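Breakdown of the fold
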Amino acid sequence: SRGGRRVRRGRDISIDVEVTFKESILGTKRSMLIQKIGKCDTCDGSGAKPGTSMDSCTTCSGAGKIHETRNSPLGAFTSVRTCPSCEGAGKVPKERCKDCAGHGILRKEEEVKLDIPVGLDNGEMIRMPGRGEAVKGGVPGDLYVKVHVKPHAQFRKEGANIIMNLPVKFTDALLGTTVSITTIDDKSLEVKVPAMSKTEETL
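The structure reproduced in this document is the subject of the present report.

Conventions we followed
Residues numbered from 1 in each chain as written. Predicted model: local features only at pLDDT ≥ 70, side-chain atom pairs only at ≥ 80, totals over all residues. Heavy atoms only, no water. Helix = DSSP H or I, 4+ residues; strand = E, 2+ residues; numbered from the N terminus. Rg over C-alpha atoms; globule rule 2.2 N^0.38 Å. Buried < 20%, exposed > 50% of the residue type's maximum accessible area, 1.4 Å probe, protein only. Contact = heavy atoms within 4.5 Å. Areas by Shrake-Rupley, 256 points an atom, 1.4 Å probe, with all protein chains shown as cover. Lys, Arg positive; Asp, Glu negative; His and termini not counted. Charge placed at Lys NZ, Arg CZ, Asp CG, Glu CD. Polar contact = N/O pair within 3.5 Å; in protein donor to acceptor, adjacent residues only side chain to side chain. Patch = residues over 30% accessible without salt bridge, like charges linked within 9 Å, V, L, I, M, F, W, Y side chains within 5 Å. Salt bridge = Lys/Arg side-chain N within 4 Å of Asp/Glu carboxyl O. Pairing = 2+ DSSP bridges. Axes fitted to C-alpha atoms, helices over the stretch in contact; angles between N-to-C directions.

**Digging into the overall build of the protein chain**
Along the backbone of the protein chain there are two helices and 13 strands. By the compact-globule yardstick of 17 Å for 203 residues, the protein chain is too spread out, its C-alpha radius of gyration being 29 Å. When each of the 203 residues of the protein chain is scored for burial, the buried share is 29%. Considering only contacts within the protein chain whose residues lie at least 6 apart along the sequence, 61% involve residues at least 24 apart. Within the structure as shown, the protein chain displays about 13,700 Å² of accessible surface, and the carbon and sulfur contribution to it stands at 50%. If the 33 positive side-chain charges of the protein chain are averaged to one point and the 26 negative ones to another, these points end up 9 Å apart.

**Some thoughts on the environment of threonine 171**
Along the chain, the position of threonine 171 falls in helix α2 (residues 170–175). Distance in space between the C-alpha atoms of threonine 171 and methionine 196 is 10.0 Å, their sequence separation being 25 residues.

**As for the side chain of aspartate 142**
With respect to the helices, strands and loops of the structure, aspartate 142 is situated in the loop between β8 (125–128) and β9 (143–149). Polar contacts involving the side chain of aspartate 142 include one to the side chain of arginine 9, which spans 2.9 Å. Every residue in contact with aspartate 142, bar those within four places of it in the chain, is listed here: Arg9, Arg11, Asp12, Ile13, Arg127, Met128, Pro129, Gly130, Arg131 and Gly132.

**Re a nonpolar patch on the surface**
On the surface, a nonpolar cluster with roughly 390 Å² of combined accessible area is contributed by Phe170, Leu174 and Leu175. Among the structural elements, leucine 175 can be located in helix α2. With a relative accessible area of 72%, leucine 175 lands in the exposed category.

**Considering the pairing of β9**
Taking every second residue as pointing to the same face, the buried face of β9 carries Leu143, Val145, Val147 and Val149, while none of Tyr144, Lys146 and His148 on the other face is buried. Sheet analysis places β8 next to β9, joined by four bridges and oriented antiparallel. Counterpart to methionine 128 in the pairing with β9 is leucine 143.

**Regarding unusual backbone geometry**
With phi around 55 degrees, serine 61 is a residue other than glycine that occupies positive phi space. Looking at the secondary structure, you find serine 61 in the loop between β3 (54–56) and β4 (65–72). A residue is classified by how much of its surface remains accessible, and serine 61, at 64% relative accessible area, is exposed. A positive phi angle is found at aspartate 186, which is not glycine, with a value near 65 degrees. Following the sequence through the fold, aspartate 186 ends up in the loop between β12 (177–182) and β13 (188–193).

**Points about the pattern of salt bridges**
On inspection of all chains with the given rule, the structure shows 20 salt bridges. With a closest N to O distance of 3.1 Å, glutamate 110 and arginine 131 form a salt bridge. In this pair, glutamate 110 sits in strand β7 (residues 105–116) while arginine 131 sits in the loop between β8 and β9, placing the two residues 21 residues apart along the sequence. Judged by relative accessible area, which is 25%, arginine 131 ranks as partly exposed. We note a salt bridge from glutamate 158 to arginine 156, for which the minimum N-O separation is 3.3 Å. One connected set of salt bridges, linked through shared partners, spans Arg9, Asp12, Arg127 and Asp142.

**Concerning the sheet that holds β8**
Reading across from one edge, β1-β9-β8 is the order of the three strands in this open sheet, with mixed pairing throughout. Each edge of the open sheet is held by one strand with a lone partner, namely β1 (13–19) and β8. Within the sheet, the average angular offset between the axes of one strand and its neighbour, ignoring direction, is 25 degrees.

Dropping the structure here:
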């Protein structure tokens, strides 16, 4: 609430994005286009034609709310609802914006730039405050991005560790050897495999 008055809030949005295993480990940046209800850029959300003024709403006398009294067998009941004429703003445009028809918001395509942090796990959610849908006279909701990590042919993640399988010849396993592998960040690494007493060892 702001100053004892409850502020309207736009809807939250949830979208999915797919990244490679390498991108989830090293981090990356993405740019996406999404369709959503956003603030009108022409009138900056006021609903008024640029260069024109706003008038006090005559329906609610500038209060943004209207009181309705209904009679019933049990007595009179009073309810309060958002003014339909000004949509709770208390003011109406003298001349309406032609792009949003005076609503101050409209459905549009918006570019979202997303930072995928280092070491993100499959199914994790990234919250982007204020990037959800807009609402006239209020604050926008949040954007939630669920990240899906594509499986890698060679690597997998267990906690903070990266795991890979390295097949070696039976004779190399008995006597020990040195094998060259390529790491997730495309660097070459020499791995010394000691003489193994079991069919599987973890290095």
